[in-house]
Amino acid sequence: MGALKLLGGALLGARGEAKELVVDSERVRVAIRLRPKNADDVGYGTDFIDCIELQPELKRIKLRKNNWSSESYRFDEVLTENSSQKRVYEAVAKPVVESVLHGYNGTVMAYGQTGTGKTYTVGKLGKDDPSERGIMVRAVEDILIDTSPGVDTVAVSYMQLYLESIQDLLAPEKTNIPIVEDPKTGEVALPGCTTVGIRDLDQFLELLQIGEANRHAANTKLNTESSRSHAILMVHIQRSPEVKQENEVLLPGNDIRSDLSSRNLRVLLKSKLLIVDLAGSERIDKSGSEGRMLEEAKFINLSLTSLGKCINALAENSPHIPTRDSKLTRLLRDSFGGTARTSLIITVGPSARHYSETASTIMFGQRAMKVVNIVKLKEEFDYESLCRKLEYQIDYLTSEMERQKKHRDDEKVQMEQRLNECQMSLVEAENNYSLKSEHLERESTHLELENKKLLEELNLLKDQNSAMSEELVHLEMHLKQNKHQLESSTYQKVLADTTQMYEKKMVELIKQVEQEESHSSDLEGQLMEMRKHLIDSETSIQVQTNTVDELNSKLHSISKLNEEAASKILFLEETNSELLSTKELLTEELKVVQHKLLAEERQRKGLEDEIIKLKRLLYDNHAEIEDKSLCKDASLVKPASGFGQMNLPKSSKSRETLSSQRATIAKIFEEGITL
Ligand SMILES: Nc1ncnc2c1ncn2[C@@H]1O[C@H](COP(=O)(O)OP(=O)(O)OP(=O)(O)O)[C@@H](O)[C@H]1O
């Protein structure tokens, strides 16, 4: 393939216009295939040597006119009688098929005398033996392998040109189908023909079989199943290749946004492969045709002759190409001198009997080799599919938009509902909160008041306790004084015991008071904690509604503590009252003791007075006694001493007084002992 040239290759803006890439001019390639000898050839006798000699390595053949005269011709491919169908396909058709797959039009055509193997080469189905498959089957097989279903499309039309009428071989009722030529491009189309999309090879084989069954054939002298029509298989390929434009790649199935955002338009490569199995180019006299068959032969010859004329004109670069002389040349307008890549296979038999037909075929091939085509690649912008895609996208986007709008509306309604609910619950929560706050505030105030009251009571109790303690200390001191006073008394021991007992009691009482004081301080601490809790609670109430419950529980516990404190205070009060009563008892007892002490003091004083009196008496008596004893002594010794005299009259009285005094002292002593 020659180098690509861009001719006026600008992107044309108008709808339906295409970019055309032109390959260097390319000559029609011609291959020659020699059919193996058949029974007829063998039966013809061995007197005649084959009229044809192949030199495949030189790509030449020698056409022997007789034993001494031969001419040599060069072909693009020389296929011997042993060449396989595969080899023939690869040498003749495969390059064209590949070209068609790249977007070029292509033609593969078999030309030759009847019975030389055109149909065998081109249209053999090879149902039983795939190695026997002809060009049509192999070409479609390769096309199907190379194309992607869903992205590319492959469709076929199968028709025959019979008696200058185009008949649809897939729908034989369709006859005389008109040929439509594009005035701009000169492209030939047969819109009246059935076009069947091909999914797989089996489907194509079935179609081909149907077409073959509908093809006109007749027994001729030269071939028992001679084709009486030109069979044309049209393979339409539409591809969406990756096309690079302005550094961007447009891939099939690209996002629509990238299609729209870039200046890319999907490019369609539309190509057409024609595989033509021409009717036999036998001479009428040799074919033995008569009547209708003769008529058929005339038409066949007419079309083949006009094809030959066109090829001659093209080979000679004639300004006029008589393409309009027959429908065959009109159909093959693009194949010879057109834009298609064309491969021609001419089939020949070895028998010298058909020398002139073989020579004619060879000359046809030689002339065809001179025909140069201007091979063009036609890229069409796939406006239709783009439009379809856009429409689809618009539909999709519209429905998506509607769906999203509906979704948004639904969401909005839901949101509004939720908002209303939230607002309602917020109002409710606010109400609850304010109620709870009020309640808590009330509770708090109430608790504060209670706390205050309790504190006051506690302080009072404390004062009372301290007063009591002072009083107790005072009493203690008092008792101590009394104790000291009583130490000298006769009731010392009794009083000491009593005092000890009281002291013990007082110690206990002091202990109790201390305990109460520690209780009081504990209570104070608890109250402080309560106050703290309350303050915390108040703060947390202000901060969050959620803590309300927590505060409630705390308040509950605080109330419990309060209750406990109240019960403790009650207990303290009770203890206090007990202490008070004890104190009263002690005071009473103290008073009694004091009374007793006073009485005893008085008694003691009386006794002391009496003792003093007695002492005085005793002294007086003693002095009197002494005086009397002195007087007695003086009367005895010195009667002048008056003392004895004086005391004598008094002696009886003194004796009485003395004895009474003695009795009084004894009594005092007795009383003192008993006390
Ligand atoms: N290369 C070949 N190898 C084996 N058999 C062949 C070959 N070429 C042709 N034949 C046989 O020769 C006979 C005639 O072939 P075919 O019908 O293909 O000729 P044709 O050129 O199509 O004739 P027509 O123009 O009359 O239709 C057939 O029986 C075919 O099987």
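Reading the values: the criteria
Residues numbered from 1 in each chain as written. Predicted model: local features only at pLDDT ≥ 70, side-chain atom pairs only at ≥ 80, totals over all residues. Heavy atoms only, no water. Phe/Tyr/Trp six-rings, centres within 6.5 Å; stacked < 30°, edge-to-face > 60°. Helix = DSSP H or I, 4+ residues; strand = E, 2+ residues; numbered from the N terminus. Buried < 20%, exposed > 50% of the residue type's maximum accessible area, 1.4 Å probe, protein only. Lys NZ or Arg CZ within 6 Å of the ring centre and 35° of its normal. Core = buried A, V, L, I, M, F, W, Y, C linked by side-chain atoms within 4.5 Å. Contact = heavy atoms within 4.5 Å. UniProt positions renumbered as here; feature names shortened; annotations may be inferred. Patch = residues over 30% accessible without salt bridge, like charges linked within 9 Å, V, L, I, M, F, W, Y side chains within 5 Å. Areas by Shrake-Rupley, 256 points an atom, 1.4 Å probe, with all protein chains shown as cover. Salt bridge = Lys/Arg side-chain N within 4 Å of Asp/Glu carboxyl O.

### Re the packing of aromatic side chains
(1) Moving on: Under the definition given, this model contains one aromatic pair.
(2) Moving on: Ring centres of Y111 and F364 lie 3.6 Å apart, and the angle between their planes is 10°; on these two criteria the pair is classed as stacked. Pair noted here: Y111 is in strand β9 (residues 106–112) and F364 is in helix α10 (residues 355–368), with a separation of 253 residues, a long-range link.
(3) Moving on: By relative accessible area, which is 6% here, Y111 ends up buried.
(4) Moving on: Over the ring of Y104 we find R341; its NZ or CZ atom is 5.5 Å from the centre of that ring.

### Side note on the nonpolar core
(1) Moving on: Among the nonpolar cores identified, the biggest contains 47 residues, and F75, F336 and I362 are the most heavily contacted of them.
(2) Moving on: Beyond its immediate sequence surroundings of up to four residues, I362 is in contact with I32, I52, I61, L63, Y73, F75, I346 and V348.
(3) Moving on: Counting 40 residues, the second largest nonpolar core, distinct from the first, contains A91, A139, L169 and I198.

### Here's the deal with the environment of L479
(1) Moving on: Position of L479 relative to the elements: it lies in helix α11 (residues 383–487).
(2) Moving on: Along the chain, L479 and Q500 lie 21 residues apart, while their C-alpha atoms are 10.0 Å from each other.
(3) Moving on: Setting aside residues up to four positions removed in sequence, L479 forms contacts with T499, Y502, M506 and L590.

### Points about the UniProt feature "coiled-coil region" (unreviewed entry) in the protein
(1) Moving on: Here the UniProt-annotated "coiled-coil region" (unreviewed entry) positions come out as residues 412–471 and 583–617.
(2) Moving on: Across residues 583–617 one finds 100% helix and 0% strand; the C-alpha atoms that close the span lie 49 Å apart.

### Here we look at a nonpolar patch on the surface
(1) Moving on: There is a patch of nonpolar side chains on the surface, built from Y392, Y396 and L397 and spanning about 340 Å² of accessible area.
(2) Moving on: As for its position among the elements, L397 is in helix α11.
(3) Moving on: Here L397 falls in the partly exposed class, since its relative accessible area comes to 46%.

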